[in-house]
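# Report on the structure
Chain by chain, the residues:
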Protein chains: 2
Amino acid sequence: METISRTKIADLFKNKPFGTQVNVKGWVRTRRGNKQVGFIALNDGSTIKNMQIVIDLQKFDEELLKPITTGACINVNGLLVESQGKGQDAEIQAEEIEIYGTADPLTYPLQKKGHSMEFLREIAHLRPRTNTFGAVFRMRHHMAMAIHTFFHERGFYYFHTPIITASDCEGAGQMFQVTTMNLYDLKKDENGSIIYDNDFFGKQASLTVSGQLEAELAAMAMGAVYTFGPTFRAENSNTPRHLAEFWMIEPEVAFIEIAENMQLAEDFIKYCVRWALDNCKDDLQFLNDMFDKGLIERLQSVLKDEFVRLSYTEGVKILEDAVAKGHKFEFPIYWGADLASEHERYLVEEHFKRPVILTDYPKEIKSFYMKQNDDGKTVRAMDVLFPKIGEIIGGSQREENYDKLYTRAKEMGVPEKDIWWYLDTRRFGTAPHSGFGLGFERLLLFVTGMTNIRDVIPFPRTPKNAEF
Amino acid sequence: METISRTKIADLFKNKPFGTQVNVKGWVRTRRGNKQVGFIALNDGSTIKNMQIVIDLQKFDEELLKPITTGACINVNGLLVESQGKGQDAEIQAEEIEIYGTADPLTYPLQKKGHSMEFLREIAHLRPRTNTFGAVFRMRHHMAMAIHTFFHERGFYYFHTPIITASDCEGAGQMFQVTTMNLYDLKKDENGSIIYDNDFFGKQASLTVSGQLEAELAAMAMGAVYTFGPTFRAENSNTPRHLAEFWMIEPEVAFIEIAENMQLAEDFIKYCVRWALDNCKDDLQFLNDMFDKGLIERLQSVLKDEFVRLSYTEGVKILEDAVAKGHKFEFPIYWGADLASEHERYLVEEHFKRPVILTDYPKEIKSFYMKQNDDGKTVRAMDVLFPKIGEIIGGSQREENYDKLYTRAKEMGVPEKDIWWYLDTRRFGTAPHSGFGLGFERLLLFVTGMTNIRDVIPFPRTPKNAEF
């Protein structure tokens, strides 16, 4: 075959160099045709749009063409021309075709469309070859890039907090133990306690549930930082909203208080949504058409208005009023209750009809490190509540006062020996500071319209599932 | 205190709005002065450069100023003026000062300069407050941003491969086990084997040693992808070059062969080095002056020339010639030997005096997935060798032929049940493809001039060490 340097299909659709000889390589999505002409829909992953390859059957040996079935990988030289067909604007008149790899129709699992999402999860190693997962994972890339760019432009530093940790300070959830001990030969002391001296780290170690506390250390030196890394929860939750392994983004900023923290969160999430609308048009259109007819409109609507700012106390009043007027919730609502998803969605979807930032929660239902308000009852927590998703961001102003933090940690049973280093930031040069956490896959559920969190991460880890 | 919105010190040095009232917040690095005037060197993490705060002692209560010692955090309003002093170009004449947090000189560990790197590792929670670690971690951010930008501009997709995995396919190293089992109550079958049915994933699970195999799955659908995530090795290596937890970048590209893979690696690393020179001038100058007088020159030199391309066989000849001429190596050199760091550095630093990409290694010393050459002896591996660092990148063209891959995996003892999904990429629509891996901390050693890998990651994990 003649050597022409390859052009990505996305670039051909963008630049449309009609009348030139081009080379494309990719995977066959479908093949159809008649006795005179064949049509191959070719996809190379650079865009959801397939390039139509037109084959004049007089010019090609039929035997050569036979193995070109769905899933096969081919290398094509040909002339790029304007397409006559509807729904296409460019196609390639094939002049040379090389087959890189076949895909036996009897065994290749991705034949025609219409596989269930459950089935596709079982072949997670092949599902990126579908339109849906191609679109979702391209958007996953774009959201990651939006996040890094947002923070970089604002002078934040990306900070890698540890994955393996010897303490569960935040108490945010059950942890996975990490060990190199031989489980067939565990050493124990005279009381029957396992001796960790010979474990890799010389003590019991786990996978992190959050990088926040370490990010605070960095913020108290570098000013503004953010994490973006995997976090882990060993909870036996088989729901469409839980993963055992997921990615979190946690900005942490010195010298800002709760109001600026709310603004940062709003700017941040709007930036991401805008990036998706600007950079993922084709993929969004596909997901909108196939899965969620309200998707694009919902993304646009989030950009339109200021997010509502509302105290937890005011929020509970609205919910209590709704109950008084006959609205039925599954879970009881009263001051002090942790809001359920139905409560959050009522505020966002029915009452305000736009995103809501709820603040100043009862201290009993929030973490030890949140700044205590003067009322003695509430802390400067904030949750950003979104349509369809519920809580998408959780954050707070942090307690910067050593004595208050120390006392609250003690009250809540956080051992001092596990947080001496965290307390040190308040002993030495403490300052007001705030931050928040965004579950990356929650954001992806929102921007892709997918409904199961297993479908927005390449290889989901859930109870009884660590394949691939 | 009057409310003026805060400006980062980096921005004041950049924009120099002399004559305006500004607000800065930050940590005191040093304080000196006489009876009339005090000088505070203030750092807010946005730059290595301190802002000098000039205090007219007639205007301030001495009691207020007393707690302003090294490490304290303060909030300053004042007039930005051109500095009279040498080595400064701007300073602030203080008008109002608020103390956010003190740092008791008797207990604050970061007093004057000159702490050993070993001591600073023990206070890793505070070391970002030093010049050195501020510089290193700002550069760490910049290198991450360079990497994402490089790939994004070229149409690669960032792809998150799993951290927890049920298979050690690559055999790249010893693994950490991940479990939720109660180690005091392990269930065993009649043969005494531990029953993993009730472990979280229903089978034995570990932390990943590489995302490459999963990245290949994605490349065979999306065309070009890269990973950037943590990887783990449970090796008991206490050296300045090994971490148990480190970050890797692994691009994987469909339709490119070894020559293009080499070019990609060269372009990539030059892009990162150029980014450092362009965006990290002050930090680089500091590290150059304090730690490694040849640093900036070495970075510039890498950009000057094409990297040498050389086969392993040619490389061994050069090394054998050197031995024949009397050069002494610690380890023997012969065709088939794995090159030691001294061999790699001889080629780079003494023979060619520039980076070298070595290719086509004996198949016995490389992984099962590398493309086999027709000679039956070598594989299309490539290692990028750098001055001072040795191997900085390792990669290869991948074996795309199902039968060859299957046979080689079998020969090397990789169980088929662990890689059926990987083999599937060669069963269905296989194509030539290539990729490589870069250890992020290796890159950081090169661009920062640090000599111990524990000093380029915020919280190093090494044998017996998982603090913070």
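Residues numbered from 1 in each chain as written. Chains lettered and ligands numbered in written order. Predicted model: local features only at pLDDT ≥ 70, side-chain atom pairs only at ≥ 80, totals over all residues. Heavy atoms only, no water.

Where an unreviewed UniProt entry is consulted, chain A appears under the name Asparagine--tRNA ligase, with the organism given as Coprobacter fastidiosus NSB1 = JCM 33896. Quoted verbatim from the Catalytic activity (unreviewed entry) heading of the UniProt record, the comment on chain A is "tRNA(Asn) + L-asparagine + ATP = L-asparaginyl-tRNA(Asn) + AMP + diphosphate + H(+)". (UniProt positions renumbered as here; feature names shortened; annotations may be inferred.)

## Looking at the environment of Tyr369(A)
Residue and element names in this part refer to chain A. Position of Tyr 369 relative to the elements: it lies in the loop between β13 (356-362) and β14 (378-386). Measuring from C-alpha to C-alpha, the distance between Tyr 369 and Arg 408 comes to 7.8 Å, with 39 residues separating the pair along the chain. A distance of 3.1 Å separates a polar atom in the side chain of Tyr 369 from a polar atom in the side chain of Gln 212. (Helix = DSSP H or I, 4+ residues; strand = E, 2+ residues; numbered from the N terminus. Polar contact = N/O pair within 3.5 Å; in protein donor to acceptor, adjacent residues only side chain to side chain.)

## Overview of the pairing of β14(A)
Residues and elements named next belong to chain A. Among the nine residues that make up β14, eight are buried, leaving the element largely enclosed by the rest of the structure. One ladder, built from six bridges, connects β13 with β14; its direction is antiparallel. Bridge pairing links Tyr 361 to Val 379 in β14. Bridge count between β14 and strand β15 (residues 390-397): six bridges; the pairing is antiparallel. Bridged to Leu 385 within β15 is Glu 391. Linking β14 back to β15 in an antiparallel pair, the connection comprises three residues, with Lys 388 at a positive phi of about 70°. (Buried < 20%, exposed > 50% of the residue type's maximum accessible area, 1.4 Å probe, protein only. Pairing = 2+ DSSP bridges.)

## Looking at the interface of chain A and chain B
Taken together, the contact between chain A and chain B spans 115 residues of the former and 115 residues of the latter. When the two sides are added together, the surface that chain A and chain B hide from each other amounts to roughly 9100 Å², 66% of it contributed by carbon and sulfur. The three residues of chain A that bury the most area against chain B are His160(A), Phe200(A) and Phe255(A), which together make up 9% of that side's buried surface. Applying the counting rule to chain A against chain B returns 43 residue pairs in polar contact (both at pLDDT 80 or more). Across the side of chain A that touches chain B, the residue classes break down as 59 nonpolar, 34 polar and 22 charged. Summarising the sheet, strand β8 (residues 177-179) of chain A and strand β8 (residues 177-179) of chain B pair through three bridges and their orientation is antiparallel. Opposite Gln177(A), over in β8(B), you have Thr179(B) as the bridge partner. (Contact = heavy atoms within 4.5 Å. Buried area = accessible area lost by both parts, 1.4 Å probe. Nonpolar A, V, L, I, M, F, W, Y, C, P; charged D, E, K, R; others polar.)

## Focus: the relation of the copies chain A and chain B
Screw-axis analysis of chain A against chain B gives a translation of 0.0 Å along the axis, an RMSD of 0.0 Å, and a rotation angle of 180°. In symmetry terms, the pair is related by a two-fold rotation axis. For chain A, the residue whose C-alpha comes nearest the rotation axis is Val178(A), separated from it by 2.4 Å. Most of the interface of chain A is mirrored in chain B, where 100% of its interface residues again form contacts. (Least-squares fit on C-alpha atoms with pLDDT ≥ 70 in both.)

## Here we look at the confidence of the model for chain A
A residue-level look at chain A finds 98% of positions with pLDDT of 70 or above and a mean pLDDT of 95. For this predicted complex, the interface score ipTM comes out at 0.97, alongside a pTM of 0.97. (pLDDT = per-residue confidence, 0-100.)

## Topic: unusual backbone geometry
Residues and elements named next belong to chain A. Positive phi, close to 75°, is recorded for Phe 255, a residue that is not glycine. Relative to the helices and strands, Phe 255 is located in the loop between β11 (245-254) and α6 (258-279). Among the residues examined, Phe 255 registers a relative accessible area of 6% and is labelled buried.

## Focus on the packing of helix α7 (residues 281-290) of chain A against helix α8 (residues 295-304) of chain A
Residue and element names in this part refer to chain A. In contact at an axis separation of 8 Å, α7 and α8 are set at 120° when each is read in the N-to-C sense. It follows from the interaxial angle that α7 and α8 lie oblique. Seen from α7, the contacting residues are Leu 284, Gln 285, Leu 287 and Asn 288; seen from α8, they are Leu 295, Ile 296 and Leu 299. Across the contact of α7 with α8, the residue classes tally to five nonpolar, two polar and no charged. (Axes fitted to C-alpha atoms, helices over the stretch in contact; angles between N-to-C directions. Parallel < 35°, antiparallel > 145°, perpendicular 65-115°, else oblique.)

## Structural notes on the sheet that holds strand β4 (residues 73-82) of chain A
Residue and element names in this part refer to chain A. Read around the barrel, five strands follow the order β1-β2-β3-β5-β4 and close on themselves; strand pairing throughout is mixed. With strand direction ignored, the average angle separating the axes of adjacent strands in the sheet is 55°. Here strand β1 (residues 21-33) pairs with β4 via seven bridges, running antiparallel. When the bridges of β4 are listed, Gln 21 appears paired with Leu 79.

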